[in-house]
Amino acid sequence: MTTLFNPLLNGFHPDPSVVQVDGAYYLATSSFEYLPGIPIHRSTDFENWELIGHVATRPGQLGVEGVPTGGGAWAPTIRHHDGVFHLVITDAMGRGMLHFTAPDAAGPWSDGELLRSRDGSGIEGIDPDIAWDAAGNTYITFSGLQLTGALDPNAPAHLGIQQVRVDLANHVALEAPRSLWSGTGLMFPEAPHLYEIDDHWYLMIAEGGTERGHGISIARGRSPEGPFEGAPSNPLVSARSTPRPIQNTGHGDLVAGPDGSWLCVLLGVRPRSGTRAFSALGRETFVTPVTWHDGWPAIAPVQRHPRPGTRVEPDLDRLDGEWIGVRRLPAQTADLASHPGAIVLHADGSTLADPRPLFLGRRQEHLNSATTVRLDVSGGVGGLAVRFDENFHVEVEAGAGRVTARATLSGLVQEWSHDLPTPVVDLHLDSVRPDPGWRMVATSDVFRLGFSAGGRARVHLADVDGRFLSSEVTESFTGRVIGAYAVSGDVVLHSWVCVGDDD
């Protein structure tokens, strides 16, 4: 049982990796096609976490501008060696397997060097880990998922957990990849992390897929190159076929906590509905205690312990680190100079159906959430949306004398419209618990869409079933992001208020 908050990081923060340096903890997570990429959080007590920066803050560090949805920044490993922070990651279907460095985890980080095989091509695989032995060898251990050249993108070839020694100065592998240990035989062995603890090297991996079958297994050996022997109690943790409130638990990283006891950070989801079928926020970061017995770790089941509710009112004179854009940086979207105290969005012809919409968003952090923005649409058309990707989004849009609630769900579109009494309008997008009525609840939540303007009472436009924006329906690796957008002319964002809790 842990008294630490769970989720550790609310909202779309999957694939966590953590390192302790001089009494502080640094946590990195995946960001996929969103920019800035690879958020870094810092804590000294493992309870209060501050977003201190991102790895990818400049164009070109990640090649996500043209990656397909679901590609981009996958599964970082953050480590510290000889006074330098190191982060390895796969820019999937983008630049490839990359190595970043920084003297300070807050950044700025390097441009990222491609890790290459001996023939000069990129190392083919995902979820890289970096480790050093006492002799000075650098090991990159990774999941051998083959993303390029796959005959069937839904059934790519998989070579199991692989490893190479690398010349880190030149970012070149010193050998051909060798196979290590690929778990208990479940699908998609991935997320390897290599640790030297006492007189053994431990290889911890995820397997079973990142959905309900997800879990963590571990092996040990006398050398970082193996051979490795699997733990007798594998999988160490999995929520599959259990009633636990946190499901899909896996993809973990080990670290000694502030009191010296061991912890595992890992991803999981918080499903709702009568059959717990729909995870509205996608994969989040959790933490759970680890104990050691006869040289093997035991990972406790993940317990639910949500944080108190929050009220977020960002200062619109600047862009704090929580703002993110889709395949473009927020600074490429938001104009802070034209209207002091507000953010102006200049439409560029894109819509929410495009891979690079004119969209400025923040992660939905709570299962119950109410967001209100004040927009001036006298010079354009725009709105407030919650999106998983370009095929799944729900919005309330204003301009040209109309306000429209809209649900776009994989090609199915439904709209509800009303006259707009004034061009300065408050748009409301709430995520609320469904009313079960007389039947079993069959959804995660309900989106309640509306507007208010001219001092009048709120006008309710529509309710939309929230299950359609869940990770199970969209099959997305990300999560919900709520944002303002523009589709024509200029739209001025005057205020943003988001209130949420997890009761």
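Treat the numbers as computed from the prediction; the structure is a model and nothing was measured.

Cut-off values and rules
- Counting of residues starts from 1 at the beginning of each chain's written sequence and follows it residue by residue.
- Residues qualify for local features only when their pLDDT is at least 70, as the model is predicted, and side-chain atom pairs are given and counted only at 80 or more; totals for whole chains, interfaces and linings, by contrast, use all residues.
- Hydrogens and waters are ignored; side-chain quantities use all the structure's heavy atoms.
- The helix and strand labels rest on DSSP assignments: H or I over at least four residues marks a helix, E over at least two residues marks a strand, and numbering proceeds from the N terminus.
- Partly exposed residues are those whose accessible area sits between 20% and 50% of the maximum for their type, while under 20% is buried and over 50% is exposed, using a 1.4 Å probe and protein chains only.
- Residue exposure ignores everything except the shown protein chains as possible cover, and the areas themselves are Shrake-Rupley values with a 1.4 Å probe.
- Neither His nor the chain ends contribute to the count of charged residues, in which Lys and Arg are positive and Asp and Glu negative.
- Think of each charge as sitting on NZ of Lys, CZ of Arg, CG of Asp or CD of Glu.
- Contacts between residues were defined by any pair of non-hydrogen atoms, one from each residue, lying within 4.5 Å.
- Following DSSP output, two strands are said to pair if at least two bridges run between them.
- Criterion for a salt bridge: a side-chain nitrogen of Lys or Arg within 4 Å of a carboxyl oxygen of Asp or Glu.
- Under this scheme, a helix contributes an axis fitted over its contacting stretch, all axes are lines through C-alpha atoms, and angles between N-to-C directions fall in the 0 to 180 degree range.

(A) Highlighting the overall build of the chain. Within the chain one finds 1 helix and 37 strands. In terms of principal-axis extent, the alpha carbons of the chain reach across some 75 × 50 × 45 Å. Burial analysis of the chain (503 residues in total) assigns 58% to the buried set. Just so you have it, the chain exposes about 18800 Å², and 51% of that area is on carbon and sulfur atoms. Seen as two clouds, the 37 positive and the 60 negative side-chain charges of the chain have centres 4 Å apart.

(B) Spotlight on the environment of glycine 399. With respect to the secondary-structure elements, glycine 399 resides in strand β31 (residues 392–399). Separated by 87 residues in sequence, glycine 399 and alanine 486 place their C-alpha atoms 10.0 Å apart. Apart from residues no more than four positions distant in its own chain, glycine 399 is found in contact with Val377, Gly380, Val381 and Leu420.

(C) Molecular detail of the side chain of threonine 408. Mapped onto the fold, threonine 408 is located in strand β32 (residues 402–409). Once you skip the residues sitting within four places of it in the chain, threonine 408 turns out to touch Asn391, Phe392, His393, Glu395 and Val413.

(D) The arrangement of the sheet that holds strand β7 (residues 84–92) in detail. Here 4 strands make up an open sheet; going across it, the order is β6-β7-β8-β9 and the pairing antiparallel. Each edge of the sheet is formed by a strand with only one pairing partner; in this case those strands are β6 (72–81) and β9 (113–114). Across 8 bridges, the pairing between β6 and β7 is antiparallel. Note on β7: the bridge partner recorded for arginine 79 is histidine 86.

(E) The arrangement of unusual backbone geometry in detail. The omega torsion of the bond from leucine 35 to proline 36 falls at -5 degrees, within 30 degrees of zero and hence cis. Inspection of the secondary structure assignment puts proline 36 in the loop between β3 (34–35) and β4 (37–43). Cis geometry is found at the peptide bond from glycine 107 to proline 108, where omega equals 5 degrees. Looking at where proline 108 falls in the secondary structure, it is placed in the loop between β8 (96–102) and β9. Backbone geometry places phenylalanine 46, a non-glycine residue, at a positive phi of 65 degrees. Of note, phenylalanine 46 is situated in the loop between β4 and β5 (50–56).

(F) Broad picture of the pattern of salt bridges. All told, the structure shown has 25 salt bridges when counted by the stated rule. Salt-bridge contacts for arginine 79 lead to aspartate 253; the nearest nitrogen and oxygen are separated by 3.0 Å. You can see arginine 79 sitting in strand β6 and its partner aspartate 253 sitting in strand β20 (residues 247–256), a full 174 residues away along the chain. On the basis of relative accessibility, which here comes to 11%, the residue arginine 79 falls in the buried class. On the accessibility criterion, aspartate 253 (0% relative accessible area) is buried. A salt bridge links arginine 328 to aspartate 348, with the nearest nitrogen and oxygen atoms 2.9 Å apart. A residue pair is termed long-range when its members are at least 10 positions apart, and arginine 328 in the loop between β25 (325–326) and β26 (334–335) and aspartate 348 in the loop between β27 (343–346) and β28 (359–363) qualify at 20 residues. Note on arginine 328: relative accessible area 7%, which makes it buried. Several salt bridges share partner residues, and in doing so they unite Arg165, Glu175, Arg178 and Glu225 into one network.

(G) Summary view of the sheet that holds β4. Overall, antiparallel pairing links the 4 strands, which are arranged β1-β2-β4-β5 in an open sheet. Two strands in the sheet have a free side with no partner beyond their single neighbour: β1 (17–21) and β5. Taking each pair of neighbouring strands and ignoring which way they run, the sheet shows an average axis angle of 25 degrees. In this sheet, β4 lies alongside strand β2 (residues 24–28) in antiparallel orientation, the contact comprising 4 bridges. By the bridge assignment, tyrosine 25 is partnered in β4 with serine 43.

As far as function goes, none of this settles anything; it's purely spatial.
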